[in-house]
Amino acid sequence: MDNDTTNLSAQVGQCLKKSNHILCTAESCTGGGIAAAITDIAGSSAWFDRAFITYSNEAKKEMLGVRDNTLDSYGAVSEQTVREMTDGALKRSRASVAVAVSGIAGPDGGTDDKPVGTVWFSWQDKYGWKKSERLVFQGDRAQVRQQTVLHVLKVLHYRYS
């Protein structure tokens, strides 16, 4: 991890721990990158519960309870899917805060509606806060994934600091 990611992960951890929150992640396009950034921080077990790496649609359904109808109607890279991913992550963990990401990191797989670099985000906590967002990042596969991880951490830091 680069220094920005490490520093931001440490800050997020301090904020979550101070506010007695526990985080879980539901990751598709990042393949566990968010969880890796978080668990690079010593002591993260005090504020991080688990990661659901749900790269396939089957994994999203089996591990998080994403509905067939949602995937059929909107696709894996959609607001509806990432919201169901955070719902499922909170229900299937001891976390009070969940984040989900699903996107097209490339180099293939993009469409006119969902070009390479498209990522849907969802954040949710057990106290009613919900946020979802769609961003389109530029760069190669590694850059899209890294920008996704950083964006997740920035939003968490802003919300809980």
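Each value, and the rule that gives it
Residues numbered from 1 in each chain as written. Predicted model: local features only at pLDDT ≥ 70, side-chain atom pairs only at ≥ 80, totals over all residues. Heavy atoms only, no water. Salt bridge = Lys/Arg side-chain N within 4 Å of Asp/Glu carboxyl O. Helix = DSSP H or I, 4+ residues; strand = E, 2+ residues; numbered from the N terminus. Buried < 20%, exposed > 50% of the residue type's maximum accessible area, 1.4 Å probe, protein only. Core = buried A, V, L, I, M, F, W, Y, C linked by side-chain atoms within 4.5 Å. Phe/Tyr/Trp six-rings, centres within 6.5 Å; stacked < 30°, edge-to-face > 60°. Lys NZ or Arg CZ within 6 Å of the ring centre and 35° of its normal. Expected span 1.5 Å × (residues − 1). Arc of directions from axis to C-beta. Contact = heavy atoms within 4.5 Å. Polar contact = N/O pair within 3.5 Å; in protein donor to acceptor, adjacent residues only side chain to side chain. Pairing = 2+ DSSP bridges. Axes fitted to C-alpha atoms, helices over the stretch in contact; angles between N-to-C directions.

(A) Geometry of the pattern of salt bridges. All chains considered together, the criterion is met by 7 salt bridges. Between arginine 50 and aspartate 49 there is a salt bridge, with its nearest N and O atoms 2.6 Å apart. When the shortest N-O distance is used, the salt bridge between arginine 83 and glutamate 79 registers 3.4 Å. Of the two residues, arginine 83 and glutamate 79 both sit in helix α5 (residues 79-91), 4 residues apart, roughly one turn of that helix. With a relative accessible area of 29%, arginine 83 lands in the partly exposed category. By relative accessible area, glutamate 79 is classed as partly exposed at 29%. A cluster of three or more residues bridged by salt bridges with shared partners is formed by Asp49, Arg50 and Arg94.

(B) Expanded view of the nonpolar core. Ranked by size, the top nonpolar core spans 30 residues in total, and within it Leu23, Trp47, Trp123, Val152 and Leu156 carry the most contacts. Those elements that provide at least two residues to this core are α1 (3-18), α2 (33-39), β3 (97-103), β4 (118-125) and α6 (141-160). Examining the composition of this core, we find that 8 residues originate from one element, α6, more than from any other.

(C) Spatial organisation of the packing of aromatic side chains. According to the stated counting rule, one finds 3 aromatic pairs in the structure shown. Ring geometry for phenylalanine 121 and tryptophan 123: centres 5.4 Å apart, planes at 0 degrees, overall stacked. Across the pair, exposure class does not vary: phenylalanine 121 and tryptophan 123 are buried alike. Among the aromatic residues, those joined into a ring-pair cluster are Phe121, Trp123 and Phe137. Just above the ring of tyrosine 160 sits the side chain of arginine 159; from NZ or CZ to the centre is 5.7 Å.

(D) α1, seen in detail. Its 16 residues place the ends of α1 22 Å apart at the C-alpha level, agreeing with the 22 Å of an ideal helix rising 1.5 Å per residue. Buried within α1 are the following residues: Thr5, Leu8, Ser9, Val12, Gly13, Cys15 and Leu16. On an axial view of α1, the arc spanned by its buried residues comes to 165 degrees, and they lie on one face. Projecting away from the buried face of α1 at angles above 90 degrees are the exposed residues Asn3, Gln14, Lys17 and Lys18. Structurally, α1 contributes buried residues whose contacts are with β1 (23-27), α2, β3 and α6. Looking at where α1 begins, the residue whose side-chain oxygen comes 3.1 Å from the main-chain nitrogen of aspartate 4 is aspartate 2. Two residues or fewer past α1, asparagine 20 is found with a positive phi of approximately 60 degrees.

(E) Region of the structure containing the sheet that holds β3. With mixed pairing, 5 strands are arranged side by side in an open sheet as β2-β1-β3-β4-β5. Looking along the sheet, the strands with just one partner apiece sit at the ends: β2 (48-53) and β5 (130-136). For this sheet the average axis-to-axis angle between neighbouring strands, irrespective of direction, equals 10 degrees. Of the pairings in the sheet, the one linking β1 to β2 comprises 5 bridges and is parallel in character. Bridging from a neighbouring strand, cysteine 24 pairs with arginine 50 of β2. Those strands touched by α6 are β1, β3, β4 and β5, and its axis lies near 25 degrees from that of β4.

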